[in-house]
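Chain by chain, the residues:
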Amino acid sequence: MAQQTTQERLTIQDLIESRHSVRKFVQETIPKEDIDRIFDLVRLSPSAWNLQPWRFHVVTDTDLKQKLQDAAYGQTQVTSAPAVILVTSDMEDVIRNFPETVHPGLSEEHKQTEIANLSSLFGGMSVEDRGQWGLTQTNIALGFLLVSLEGFGYSSVPMLGFDQEKVKEILGLSEHVKFAAMVPFGRADAEGYPHHRYELDKIVKYH
Ligand SMILES: Cc1cc2nc3c(=O)[nH]c(=O)nc-3n(C[C@H](O)[C@H](O)[C@H](O)COP(=O)(O)O)c2cc1C
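Residues numbered from 1 in each chain as written. Predicted model: local features only at pLDDT ≥ 70, side-chain atom pairs only at ≥ 80, totals over all residues. Heavy atoms only, no water.

## Regarding the confidence of the model for the chain
Move 1: For the chain, per-residue confidence averages 95 on the pLDDT scale, and 96% of positions sit at 70 or higher.
Move 2: Taking the mean pLDDT of every element in the chain, the minimum, 91, falls on helix H6 (residues 98–101) and the maximum, 99, on strand S2 (residues 83–89). (pLDDT = per-residue confidence, 0-100. Helix = DSSP H or I, 4+ residues; strand = E, 2+ residues; numbered from the N terminus.)

Shown next, in the form of structure tokens:
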């Protein structure tokens with residue numbers, strides 16, 4: 001866990017080395033200003049064609065957190081956290097709004113070509129397939145989120161151990177929405193486990 005204040009400058013190495021999953025949090029309210037600043041970083045995540053399919057739901061209401069915990073098979077980190085972020089992907093919202101994602105610096109002709117290409121590509125896919133495609137992009141934002149939280153002195157735990165249909169019901173989300181993770185976060189009130197990872201020669205090959 002990073003114990004720094006938001007004033008200190010941490011390197012990306014510090015943040016990645018200190019981030020680990022924490023499942024017990026200090027009971028306090030997270031300032032909205034911090035959450036806004038974190039999402040201001042997360043929205044800079046890259047995505048193919050800059051489509052930005054990620055949509056975030058921040059839950060702080062006690063009753064809603066209890067319902068989320070029930071949907072997460074009773075995992076207690078959910079109600080321990082002052083706030084829980086649902087990292088979702090909504091490609092149907094993306095395809096309704098292609099013009100918003102096309103870079104304003106492009107010529108009008110280039111913009112129209114790009115919108116036509118995107119419409120043809122994603123229009124030819126099933127809702128399920130483009131939903132899965134969107135999820136691959138949203139997982140990039142999940143990584144940025146975990147590191148950004150750490151940078152603001154918050155620990156977190158990414159979770160996929162929950163009943164997705166139940167969580168959609170609790171938050172009133174559409175059927176097509178996909179989940180990258182549920183992320184309870186706050187200041188750590190317990191240590192997590194030390195890192196346990198493969199050695200480089202297992203995961204990196206040079207050609
Ligand atoms: C997509 C995803 C889903 C996860 N789901 C859960 C979960 O449901 N419950 C949980 O306690 N931890 C969950 N974890 C946390 C992992 O167990 C943890 O990240 C991993 O063991 C590495 O430990 P570290 O995060 O402390 O470095 C999840 C992690 C990821 C990335």
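## Let's talk about the site of the ligand
Move 1: Taken together, the neighbourhood of the ligand is formed by 13 residues, with Ser21, Arg23, Gln75, Pro158 and Arg197 sitting nearest.
Move 2: In this structure, Arg19 approaches the ligand through a side-chain N or O atom, which is 2.9 Å from an oxygen atom.
Move 3: Interatomic distance of 3.3 Å between a side-chain N/O atom of Gln77 and an oxygen atom of the ligand.
Move 4: In the complex, the protein chains occlude 63% of the 620 Å² of accessible area that the ligand would expose alone. (Near = heavy atom within 4 Å. Polar contact = N/O pair within 3.5 Å; in protein donor to acceptor, adjacent residues only side chain to side chain. Areas by Shrake-Rupley, 256 points an atom, 1.4 Å probe, with all protein chains shown as cover.)

## What to know about the packing of helix H2 (residues 32–42) against helix H8 (residues 127–151)
Move 1: Two elements in contact, H2 and H8, have axes whose closest approach is 9 Å; the angle formed by their N-to-C orientations is 140°. What the angle tells us is that H2 and H8 run oblique. For the pair H2 and H8, the crossing hand works out as right-handed. Residue-level inspection shows Ile38, Phe39, Leu41 and Val42 of H2 in contact with H8, the latter providing Ala141, Phe144, Leu145, Ser148 and Leu149.
Move 2: Tallied by class, the residues present in the contact of H2 with H8 amount to 8 nonpolar, 1 polar and no charged. (Axes fitted to C-alpha atoms, helices over the stretch in contact; angles between N-to-C directions. Parallel < 35°, antiparallel > 145°, perpendicular 65-115°, else oblique. Left-handed = near helix turned anticlockwise from the far one by under 90°. Contact = heavy atoms within 4.5 Å. Nonpolar A, V, L, I, M, F, W, Y, C, P; charged D, E, K, R; others polar.)

## Considering the pairing of strand S4 (residues 178–186)
Move 1: Among the 9 residues in S4, 9 count as buried, and that is most of the element.
Move 2: For S2 and S4, the ladder comprises 7 bridges, and the chain directions are antiparallel. Bridge assignment links Val84 to a residue of S4, and that residue is Pro184.
Move 3: Bridge count for strand S3 (residues 155–156) against S4 is 2 bridges, and the pairing is antiparallel. Within the sheet, the bridge partner assigned to Ser155 lies in S4 and is Gly186. (Buried < 20%, exposed > 50% of the residue type's maximum accessible area, 1.4 Å probe, protein only. Pairing = 2+ DSSP bridges.)

## Focus: helix H3 (residues 62–71)
Within an α-helix, residues lying three or four positions from one another point in the same direction, as the helix has 3.6 residues per turn.
Move 1: For H3, the full list of buried residues reads Lys65, Leu68, Gln69 and Ala71. Seen along its axis, H3 keeps its buried residues to an arc of 160°; they face one direction. With respect to the buried face of H3, the exposed residues turned more than 90 degrees away are Asp63 and Asp70.
Move 2: Buried residues along H3 sit in contact with strand S1 (54–59), helix H4 (77–80), S2, helix H9 (164–171) and S4.
Move 3: Directly after H3, the chain includes Tyr73, whose backbone phi takes a positive value near 55°. (Arc of directions from axis to C-beta.)

## Some remarks on the sheet that holds S4
Move 1: With respect to topology, 4 strands assemble into an open sheet ordered S1-S2-S4-S3, the strand pairing being antiparallel. Only two strands of the sheet have a single neighbouring strand rather than two, namely S1 and S3.
Move 2: The sheet strands contacting H2 are S1, S2 and S4, and the helix crosses S1 at an angle near 165°.
Move 3: Helix-sheet contacts for H9 involve S1, S2 and S4, and the interaxial angle to S4 is about 70°.

## Quick look at the pattern of salt bridges
Move 1: One pass over the full model with this rule turns up 11 salt bridges.
Move 2: A salt bridge links Asp189 to Lys24; the nearest nitrogen and oxygen atoms lie 3.6 Å apart. Of this pair, Asp189 sits in the loop between S4 and helix H10 (200–203) while Lys24 is found in the loop between helix H1 (12–18) and H2, placing the two residues 165 residues apart along the sequence.
Move 3: Look at the salt bridges and you will find they share partners, linking Arg55, Asp93 and Arg96 into a network. (Salt bridge = Lys/Arg side-chain N within 4 Å of Asp/Glu carboxyl O.)

## Some words on the nonpolar core
Move 1: Counting residues in hydrophobic clusters, the biggest one holds 21 residues, and the most contacted among them are Leu145, Val183 and Phe185.
Move 2: Within the residue set of this core, elements represented by two or more residues are H2, S2, H8 and S4.
Move 3: With 6 residues, the top contributor of residues to this core is H8.
Move 4: For Phe185, the contacting residues outside a window of four places in its chain are Phe25, Ile30, Ile35, Ala81, Pro82, Ala83, Ile85, Leu149, Tyr154, Ser155 and Ser156. (Core = buried A, V, L, I, M, F, W, Y, C linked by side-chain atoms within 4.5 Å.)

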